[in-house]
Protein chains: 4
Amino acid sequence: MKYEHIQQEAFEANMQLPKLELVLFTFGNVSAADRSLGVFAIKPSGVAYNDLSPAKMVIVDFEGKTVEGNLRPSSDTLTHAVLYKQWENVGGIAHTHSTYATAWAQSQREIPIYGTTHADYCTVDIPCAAPMEDEKIKGNYEYETGFQIIRCFENKKIDPAEVEMMLVGNHAPFTWGKNAAKAVHNSAVLEYIAKMAFITEGINPAAQRMKEALIKKHFERKHGPDSYYGQ
Amino acid sequence: MKYEHIQQEAFEANMQLPKLELVLFTFGNVSAADRSLGVFAIKPSGVAYNDLSPAKMVIVDFEGKTVEGNLRPSSDTLTHAVLYKQWENVGGIAHTHSTYATAWAQSQREIPIYGTTHADYCTVDIPCAAPMEDEKIKGNYEYETGFQIIRCFENKKIDPAEVEMMLVGNHAPFTWGKNAAKAVHNSAVLEYIAKMAFITEGINPAAQRMKEALIKKHFERKHGPDSYYGQ
Amino acid sequence: MKYEHIQQEAFEANMQLPKLELVLFTFGNVSAADRSLGVFAIKPSGVAYNDLSPAKMVIVDFEGKTVEGNLRPSSDTLTHAVLYKQWENVGGIAHTHSTYATAWAQSQREIPIYGTTHADYCTVDIPCAAPMEDEKIKGNYEYETGFQIIRCFENKKIDPAEVEMMLVGNHAPFTWGKNAAKAVHNSAVLEYIAKMAFITEGINPAAQRMKEALIKKHFERKHGPDSYYGQ
Amino acid sequence: MKYEHIQQEAFEANMQLPKLELVLFTFGNVSAADRSLGVFAIKPSGVAYNDLSPAKMVIVDFEGKTVEGNLRPSSDTLTHAVLYKQWENVGGIAHTHSTYATAWAQSQREIPIYGTTHADYCTVDIPCAAPMEDEKIKGNYEYETGFQIIRCFENKKIDPAEVEMMLVGNHAPFTWGKNAAKAVHNSAVLEYIAKMAFITEGINPAAQRMKEALIKKHFERKHGPDSYYGQ
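First, a word on scope: everything that follows refers to the structure included in this document. (Residues numbered from 1 in each chain as written. Chains lettered and ligands numbered in written order. Predicted model: local features only at pLDDT ≥ 70, side-chain atom pairs only at ≥ 80, totals over all residues. Heavy atoms only, no water.)

Residue and element names in this part refer to chain C. Here helix H7 (residues 180-203) is 24 residues long and its end C-alpha atoms lie 35 Å apart, about the 34 Å a rise of 1.5 Å per residue gives. The element H7 is largely enclosed, with a buried count of 20 among its 24 residues. Measuring from the side-chain oxygen of the N-cap residue of H7 to the backbone nitrogen of alanine 181 gives 3.3 Å; that N-cap residue is asparagine 179. (Helix = DSSP H or I, 4+ residues; strand = E, 2+ residues; numbered from the N terminus. Expected span 1.5 Å × (residues − 1). Buried < 20%, exposed > 50% of the residue type's maximum accessible area, 1.4 Å probe, protein only. Polar contact = N/O pair within 3.5 Å; in protein donor to acceptor, adjacent residues only side chain to side chain.)

In C-alpha cells form, the structure reads like this:
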C-alpha cells in the first residue's frame with residue numbers, strides 16, 4: 001500500500017503520452033519517484049497504454065532493482081534509476097519517441113533556440129548527447145545511457161534543474177521535472193519546439209538564434225525570483 | 001455584473017483556441033474590449049483552458065491596471081492594453097504560439113502573399129516586426145511589445161483596420177478584429193496561410209507573389225463597398 | 001419541392017468537406033446538378049457548415065441565375081455554372097482551399113505523376129491553369145475562371161471525363177465527377193496526392209515521373225472496359 | 001463455418017487501418033492466413049471500411065483462387081497469394097498507401113536506418129524494390145508484384161522473417177508478420193519511421209546511418225534469445 005501514491009502518479013502521467021500524441025503503441029515510458037522511500041514507479045515493459053492500471057506500475061529502487069510488482073519494468077528502467085540517483089532534485093522522468101524531437105536526435109543536432117516558446121523553458125539550445133562508445137553499447141547499455149546523459153550536461157556545464165529536456169543522439173528525447181506530470185509536460189513542449197525549429201529552418205535556412213536579452217527576459221518571466229507568469 | 005458580457009465573450013473566444021488547435025497548454029490568450037467602459041476582459045495567467053470560466057476573466061483598463069478579478073491577468077496584458085489604447089477600432093485581440101505562424105516569426109520573414117486565401121484577408125505580405133532593442137527588452141517589455149507592433153505598422157504604412165494580423169519577430173503572432181471572435185478567426189486564418197506559404201516554397205523555391213490585379217479582386221470580393229461574399 | 005433531391009445531395013456533399021478536413025471555416029463549396037431540369041444546387045455564400053441544411057442550398061441555372069432560394073449562392077457560383085454548361089457529363093463540382101493542393105496551385109506547378117495512387121485516378125500530371133489576364137480579372141472574374149479551367153484542358157488536350165481534378169494557379173483546386181459525392185471524393189484524393197508529391201520531392205529532389213506502362217496499367221485497373229477494381 | 005476465425009482476424013485487422021490513419025477511403029487491404037487449411041481471408045475490393053463485416057471477407061487459396069465469398073477479393077489478392085506461397089512463415093499481410101511510406105516508394109529510395117526506433121524492428125535500411133519490366137506490367141501484374149517483392153529480398157539477401165516491411169517502387173508499402181494484427185502493427189511502424197526519416201534529412205541533409213553496434217543492440221533487445229523487451 002505504501003507505493004500507491006507514486007503508482008497513481010506514474011499511471012496518470014503515462015496515460016498523458018497517447019493523449020498528447022507523443023507515442024505510437026508502447027514507444028514511451030514515464031516514472032514517478034518518492035525520494036523519502038528511495039524508489040520510483042515505472043511503466044511495465046511492452047504493455048499497451050489501454051491495458052495499464054496504477055497497480056501494474058512496477059516499483060524499482062535507485063540501483064534499478066525491482067522492489068515490488070509482478071511485471072517486468074520498462075526496458076529503459078536503468079536509465080531512469082541512474083538519473084534519479086545522480087540528480088537529486090528530479091521527481092519524475094519521461095521518455096518518448098515523439099516524431100520531431102526524435103528526428104532531431106536522429107540528425108544528431110542540438111535544437112537552436114529560435115524563439116520565445118523555447119526561451120520560456122530554457123536559455124540554451126536543447127542539448128544532444130553524442131552516441132556512446134561501442135564497448136559501452138555492448139555492456140550495460142541502459143545503465144550507460146544514464147551516464148551518457150549526465151556527462152552531456154557536465155561537459156556543457158548545464159544544470160539539469162534549469163534545462164529539463166535533452167536528446168540522446170540516434171535515439172530519442174528524455175525529459176524530467178519535479179514530478180511525473182511536469183516531465184510529461186516537458187516532453188510535449190520539447191516536441192512542439194522541435195517541430196517549430198524544423199519549420200523555421202525550412203522557411204529560412206539562415207535563421208539566427210534569438211538574441212541574449214530576449215532569451216533572458218522570457219526565461220525570467222517564468223522562472224526565478226522575479227517571475228510574473230502564472231498565479 | 002457590468003462586465004459579464006465581455007467576460008463571456010473573452011471566455012468563449014479563449015475556448016476556441018484549443019478547439020482550433022492553435023495552442024499547446026496555456027500558450028495563448030484572447031481579450032474582448034468594451035470601449036464605452038474603457039476596459040477589456042482577458043484570460044488569467046497560467047490557467048489551463050479546461051479550468052477557465054467567464055468569471056475568471058480579469059477586467060483591465062487601457063492603461064493595463066486590473067479593475068476587477070482575483071486572478072493575475074495574462075502576462076501579455078500590457079501589450080493588449082497598448083493596442084486597445086492606440087488603435088481605436090479594435091474590439092478583440094488574440095495572441096497564440098500556433099506552429100507555422102510562430103515558425104515564420106522565428107525565421108524573421110514576412111509571409112509573402114502567394115494566393116487568394118491570403119488575399120481574401122489582406123493585400124500585403126503579413127508583416128513581421130524586427131526584435132526590439134535590448135534596452136526596451138530589459139525595461140517594460142510587454143508594454144514595449146505593443147509599441148513594437150504599432151511602429152511596425154506605421155513604418156510600413158499599413159492600416160490595422162485592413163491588416164488584422166502580424167508576427168512579432170522571434171516571438172509569435174498577434175491578431176485582432178472588431179471583437180474577440182473575429183480576432184481568433186484571424187489567428188486560425190493566419191496559421192492556415194503560414195502553413196500553405198511554407199509548403200509553397202518547398203514545392204517551388206522561386207514561387208512568385210501573386211499579381212496585383214488578382215490581389216485587389218479577391219480582397220474587394222470580401223471587403224469594401226462592392227463586396228459580394230457572404231450574406 | 002422538385003429540387004429537393006439535388007439540395008439533399010449538395011448538402012451531404014458539402015458536409016463531407018469539414019469531415020475530410022478539406023476546409024477551414026467556409027473555404028469551400030460543392031454543387032450538385034440535375035441536367036434534365038437544367039439547374040444545380042450550391043452552398044450559400046459565407047454560411048458556416050454547422051449552420052447548413054438541405055433547404056438552404058440555392059438553386060441556380062447554367063447561366064448562373066438564381067432560380068430558387070433566399071440566400072445568396074456561393075461567390076464561386078458562376079465558375080460552377082460555366083463548367084456545367086460547357087462540360088455536359090459533369091454532375092457535381094467541388095472547390096476547396098485544401099492545404100497541399102492549394103500550395104501546389106500557389107507554386108504554379110503541375111503535380112507530377114509519381115506513383116500508382118495518382119495513376120489510379122488519371123494518367124497525366126494534375127494540370128495547373130496559369131493566372132488569367134488582368135482585364136479578365138477586372139471583368140466578370142468568376143465567369144472567366146470557368147473558361148480559364150476549360151481553356152487549360154483544351155490547350156493540354158485533356159478530356160475532363162478522364163481527368164476530374166485541376167489547380168487554378170495562385171488560387172486553389174477544382175474537382176468534379178458524375179455527382180457531388182464523387183466530386184468531393186476527388187478533392188480528398190487530390191489533397192492526398194498533393195501531399196505525397198510534396199514529400200516525394202523532399203526525399204528525392206530528382207524524383208522521376210512513373211513510367212508509362214505502370215501508369216496505363218493502374219488506370220485501366222480502375223477504369224475502362226477491362227477494369228477489375230471494386231464490385 | 002470453418003473460415004470464421006480468419007475472417008474475424010482479417011476483419012479486425014482491416015478495421016485498424018483507418019483507426020491508425022493509414023488509409024484514405026479504400027486504399028489498403030489486409031489478409032489473414034490459415035496455413036493448415038491453405039487459405040487466407042482478405043478484404044473485398046472497393047468496399048468502404050464502414051461497410052465491412054467478418055462475413056464479407058473473401059476466402060482465397062495460395063494460388064489466388066476464390067474458395068468462398070460472394071464479393072470480388074481485393075485487386076491485390078494475387079500479390080498476397082504469391083507471398084503466402086513462397087514465404088512459409090507469414091501469417092498475415094498488409095498493404096496500404098500510407099502517406100510517408102508511399103512518398104519514399106515514389107522517390108525510389110530505401111529508408112536509411114537513422115535511429116533506434118527503426119533498429120527495434122530491423123537491422124537494415126527498409127528495402128525498396130525497383131519498378132518491374134514493362135512486359136511483366138502488361139502481363140499478370142499483381143502476380144508479378146509478389147515476385148518483385150521476393151526477388152528484392154533474395155537480391156539483397158534479406159530474410160523476410162527478420163525484415164517484415166518493404167516498399168514497392170512508385171507504388172506503396174507491403175508489410176507482414178505472424179498474423180494480420182502484426183502485419184498492421186508493422187504498417188504503422190513503417191509509416192512512423194518513414195515520417196521521421198523524412199524530417200531527419202530535412203534537419204540534417206548529411207545525416208548518417210546509425211552505427212552498427214547500436215543497431216545490433218536495439219534489435220537484440222526486442223528479438224532473439226537474449227531479448228528483454230516486453231513481458
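So, on to the layout of surface pockets. When its volume is computed, the second largest pocket comes out at roughly 250 Å³. Taken together, Asp120, Tyr121, Lys182, His185, Lys222, His223, Ser227 and Tyr229 of chain B together with Phe25, Thr26, Phe27 and Gly46 of chain C make up the lining of the second largest pocket. Residue composition of the lining of the second largest pocket, grouped by class: 4 nonpolar, 5 polar and 3 charged. (1 Å grid on protein atoms, 1.4 Å probe; cavity = no way out; pocket = protein on both sides within 12 Å on 5 of 7 lines; lining within 4 Å. Points joined across faces, edges and corners; volume = space filled by probe spheres on them. Nonpolar A, V, L, I, M, F, W, Y, C, P; charged D, E, K, R; others polar.)

With that settled, the discussion passes to the relation of the copies chain B and chain A. If you rotate chain B by 90 degrees and push it 0.0 Å along the axis, it lands on chain A with an RMSD of 0.0 Å. The relationship between the two copies is best expressed as a four-fold rotation axis. By C-alpha distance to the rotation axis, the residue of chain B lying nearest is glycine 202 of chain B, at 5.5 Å. (Least-squares fit on C-alpha atoms with pLDDT ≥ 70 in both.)

So, on to the state of the cysteines. In this structure the tally under the stated criterion is 0 disulfides over all chains. Considering cysteine sulfurs only, cysteine 152 of chain A is the nearest to cysteine 128 of chain A, which forms no disulfide, with 7.6 Å between them. Residue classification places cysteine 128 of chain A among the buried positions, given a relative accessible area of 12%. Counting only cysteine sulfurs, cysteine 152 of chain B is the nearest neighbor of cysteine 122 of chain B, a cysteine outside any disulfide, at a range of 12 Å. Among the residues examined, cysteine 122 of chain B registers a relative accessible area of 1% and is labelled buried. (Disulfide = S-S within 2.5 Å.)

A few words on the side chain of serine 74 of chain D. All names here are of chain D. Turning to its location among the elements, serine 74 is positioned in the loop between strand S4 (66-68) and helix H2 (77-86). Serine 74 gets classed as buried once you look at its relative accessible area, which sits at 7%. For serine 74, the side chain forms a polar contact with the side chain of asparagine 29, separated by 3.1 Å. With residues near it in sequence (within four places) discarded, serine 74 still touches Asn29, Ile42, Lys43, Pro44 and Ser45. (Contact = heavy atoms within 4.5 Å.)

This part takes up the pairing of strand S3 (residues 58-61) of chain C. Residue and element names in this part refer to chain C. A two-sided burial pattern is seen for S3, the buried positions comprising Val58 and Val60 on one face and Ile59 and Asp61 on the other. Here strand S2 (residues 39-42) runs beside S3; their pairing, made up of 4 bridges, is antiparallel. Directly across from isoleucine 42, in S3, lies its bridge partner valine 58. Note that S3 and strand S4 (residues 66-68) share 2 bridges and pair antiparallel. Bridge assignment links valine 60 to a residue of S4, and that residue is threonine 66. (Pairing = 2+ DSSP bridges.)

A rise of 1.5 Å per residue sets the reference length of helix H1 (residues 4-19) of chain C, with its 16 residues, at 22 Å; its end C-alpha atoms lie 23 Å apart and thus fit the reference within 8%. Contact partners of the buried residues in H1 of chain C: strand S1 (28-34), S2, S3, strand S5 (92-96) and H7 of chain C.

What follows covers the sheet that holds strand S5 (residues 92-96) of chain B. Residues and elements named next belong to chain B. With mixed pairing, the 8 strands of this open sheet are ordered in space as S4-S3-S2-S1-S5-S8-S7-S6. Both edges of this open sheet fall to strand S4 (66-68) and strand S6 (128-129), since each of them pairs with a single strand only. Bridge analysis of strand S1 (residues 28-34) against S5 gives 5 bridges, and the strand direction is antiparallel. Bridge pairing in S5 places valine 30 opposite alanine 94. Sheet strands in contact with helix H3 (residues 99-107) are S5, S6, strand S7 (165-168) and strand S8 (173-177), and its direction is about 50 degrees off that of S7. (Axes fitted to C-alpha atoms, helices over the stretch in contact; angles between N-to-C directions.)

Here the focus is the interface of chain B and chain A. With 36 residues of chain B in contact, the opposing surface of chain A contributes 32 residues. Here chain B and chain A share an interface that buries about 3,000 Å² over both sides, 58% of which is from carbon and sulfur atoms. Our enumeration of links across chain B and chain A arrives at 3 salt bridges. Taking the shortest distance from any N to any O, the salt bridge between glutamate 142 of chain B and arginine 221 of chain A comes out at 2.6 Å. Those elements giving two or more residues to the side of chain B that touches chain A turn out to be H3, helix H5 (134-138), helix H6 (141-155) and helix H7 (180-203) of chain B. Counting residues per element, the side of chain B that touches chain A draws most heavily on H3 of chain B, at 7 residues. The class makeup of the residues in the side of chain B that touches chain A is 15 nonpolar, 13 polar and 8 charged. (Buried area = accessible area lost by both parts, 1.4 Å probe. Salt bridge = Lys/Arg side-chain N within 4 Å of Asp/Glu carboxyl O.)

Together, Glu21 of chain A, Glu21 of chain B, Glu21 of chain C together with Glu21 of chain D give the surface a local cluster of negative charge. Relative to the assigned elements, glutamate 21 of chain D resides in the loop between helix H1 (4-19) and strand S1 (28-34). (Patch = residues over 30% accessible without salt bridge, like charges linked within 9 Å, V, L, I, M, F, W, Y side chains within 5 Å. Areas by Shrake-Rupley, 256 points an atom, 1.4 Å probe, with all protein chains shown as cover. Lys, Arg positive; Asp, Glu negative; His and termini not counted. Charge placed at Lys NZ, Arg CZ, Asp CG, Glu CD.)

Another point: the arrangement of the chains. For chain A and chain C, which are not in contact, the least C-alpha distance works out to 11 Å. Structurally, chain B and chain D remain out of contact, their C-alpha atoms never closer than 11 Å.

Residues and elements named next belong to chain C. Read from one edge to the other, the open sheet built from 8 strands follows the order S4-S3-S2-S1-S5-S8-S7-S6, with strand pairing classed as mixed. Of all the strands in the sheet, the pair left with one neighbour each is S4 and strand S6 (128-129). Its contacts with the sheet put helix H6 (residues 141-155) on S6, strand S7 (165-168) and strand S8 (173-177), and the angle it makes with S7 is roughly 120 degrees.

The next point concerns the packing of aromatic side chains. This structure, assessed with the given rule, holds 44 aromatic pairs over all chains. Pairing phenylalanine 40 of chain D with phenylalanine 62 of chain D gives two aromatic rings, centres 6.2 Å apart and planes at 25 degrees, and the pair type is stacked. Of this pair, phenylalanine 40 of chain D sits in strand S2 (residues 39-42) while phenylalanine 62 of chain D is found in the loop between strand S3 (58-61) and S4, placing the two residues 22 residues apart along the sequence. Here phenylalanine 40 of chain D falls in the buried class, since its relative accessible area comes to 0%. Residue phenylalanine 62 of chain D is classed as buried on the basis of its relative accessible area, which comes to 14%. Joined through ring pairs, the aromatic side chains of Phe25 and Phe27 of chain A together with Tyr121 and Tyr192 of chain D make up one cluster. The ring centre of tyrosine 229 of chain A lies 4.5 Å from the NZ or CZ of lysine 222 of chain A, which sits over that ring. (Phe/Tyr/Trp six-rings, centres within 6.5 Å; stacked < 30°, edge-to-face > 60°. Lys NZ or Arg CZ within 6 Å of the ring centre and 35° of its normal.)

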